[in-house]
Amino acid sequence: MNPFDYERAADAPAAVALVARRSGASFLAGGTNLVDHMRLGIASPDLLVDVSRLPFDAIERLPDGGLRIGAAVRNSDLAADPLVRQRYPVLAAALLAGASPQLRNLATTAGNLLQRTRCAYFQDTTTPCNKRSPGSGCSAVDGNNRNHAILGASDSCVAVHPSDLAVALTALDARVRVLGPGGERTIPLTSFHRLPGETPERDTVLEHGELITAVDVPPLAMAARSAYRKVRDRASYAFALVSVAAALSVKDGTVVDARVALGGVAHKPWRAVEAEFTLRGAPATEDTFRAAADAELGGARPLPDNAFKVPMARNAIVAVLRSLAGHEPRTEARTDPGAEPGTEGGAR
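Caption draft 1: Representation of the overall build of the chain within the structure. Helix and strand counts for the chain stand at 13 helices and 12 strands. In terms of overall size, the chain behaves like a compact globule, its C-alpha atoms giving a radius of gyration of 19 Å where 348 residues would be expected to give roughly 20 Å. Taken along its principal axes, the extent of the C-alpha atoms in the chain is 60 × 50 × 40 Å. Long-range contacts, defined as pairs at least 24 residues apart, comprise 66% of the intrachain contacts of the chain with a sequence gap of at least 6. If you sum the accessible surface of the chain, you get close to 14,300 Å²; carbon and sulfur atoms cover 49% of it. The averaged location of the 38 negative side-chain charges in the chain is 2 Å from the averaged location of its 39 positive side-chain charges.

Caption draft 2: Representation of helix α1 (residues 12-20). Looking at α1, one finds that the buried residues are A12, A15, V16, L18 and V19. Buried residues of α1, seen end-on, are gathered within an arc of 165° and therefore sit on one face of the element. Buried residues along α1 sit in contact with β1 (5-8), β2 (25-28), β3 (47-50), β6 (175-180) and β8 (211-217).

Caption draft 3: Spatial organisation of the sheet that holds strand β9 (residues 226-231). An order of β9-β10-β11-β12 is seen for the 4 strands of this open sheet, with the pairing classed as antiparallel. Strands at the two margins of the open sheet, each flanked by one partner only, are β9 and β12 (270-271). Bridge count between β9 and strand β10 (residues 242-251): 6 bridges; the pairing is antiparallel. Bridge pairing in β10 places V231 opposite V242. Across the sheet, helix α5 (residues 89-96) is in contact with β9 and β10; its angle to β9 comes to roughly 20°.

How each quantity is defined
Residues numbered from 1 in each chain as written. Predicted model: local features only at pLDDT ≥ 70, side-chain atom pairs only at ≥ 80, totals over all residues. Heavy atoms only, no water. Helix = DSSP H or I, 4+ residues; strand = E, 2+ residues; numbered from the N terminus. Rg over C-alpha atoms; globule rule 2.2 N^0.38 Å. Contact = heavy atoms within 4.5 Å. Areas by Shrake-Rupley, 256 points an atom, 1.4 Å probe, with all protein chains shown as cover. Lys, Arg positive; Asp, Glu negative; His and termini not counted. Charge placed at Lys NZ, Arg CZ, Asp CG, Glu CD. Buried < 20%, exposed > 50% of the residue type's maximum accessible area, 1.4 Å probe, protein only. Arc of directions from axis to C-beta. Pairing = 2+ DSSP bridges. Axes fitted to C-alpha atoms, helices over the stretch in contact; angles between N-to-C directions.

See the structure below:
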């Protein structure tokens, strides 16, 4: 690990100013992702600005009935919050599907959104990787790409985003509140993460020095009927091959509205807009659910080792929608006793 300076920020404007004036500076919260990357030689910040003690650790009701989740709220606190479990069960389920209890006690909401890919080539500094070293090439394109993207990839990068929570928040139309050198702004989560294009080294639209302060979740009534399903190689210690976050509103056998997002399939949490369009106004039947999945996955471009993800994603979408429509019993969010260490932490 390279030498670095450390400062504990007195307040948010001071933290922003400290990072903004040094190009090699980074924010530090839980540290469960960033510190690992520093050890591996992937990240080499020359200054860490500790924001873990700033007053962003509250879960608050908003006047419009929505929810504000502070950037520093720990994953364990968010998953256990009674209001979250009652009104947004997909969030609790997503958090409990990843990470170990120890990591959930440390990892933060903002850090979770800022996790970087777990692509093996990205984490191996002896191999070419455009995300780590722009212009060096993507080893996964012709290498081991079983866990990689089937949607939205480019010749420059086929990595996938690892967060479970970000997928659930994307389905719920969450918005990210940010403080930067130019003041405050709010970014829809659907626009927060980037597809790789020719600049895969940029995971998000954040500018240097911008600090996440909170995530706002709108008062979506149908979110009370929401679910998260994660398909992985093992019941523990594995990232999603495919995951689905969904909320469904059905009246008199017809889908009134739907929200669907996918994980494990793209460089960013993938909002399934084609599936949603197909679902709205259609009968809440398995045929409709399959048609919605097919509409979303029609543009999939699997790699040599991951063509299985297409039928896997189709079946996962159908299974979640069947459950939400009442065709089969839903399981409540519960702690996975062997959940994966390092899954949903992330830190800055």
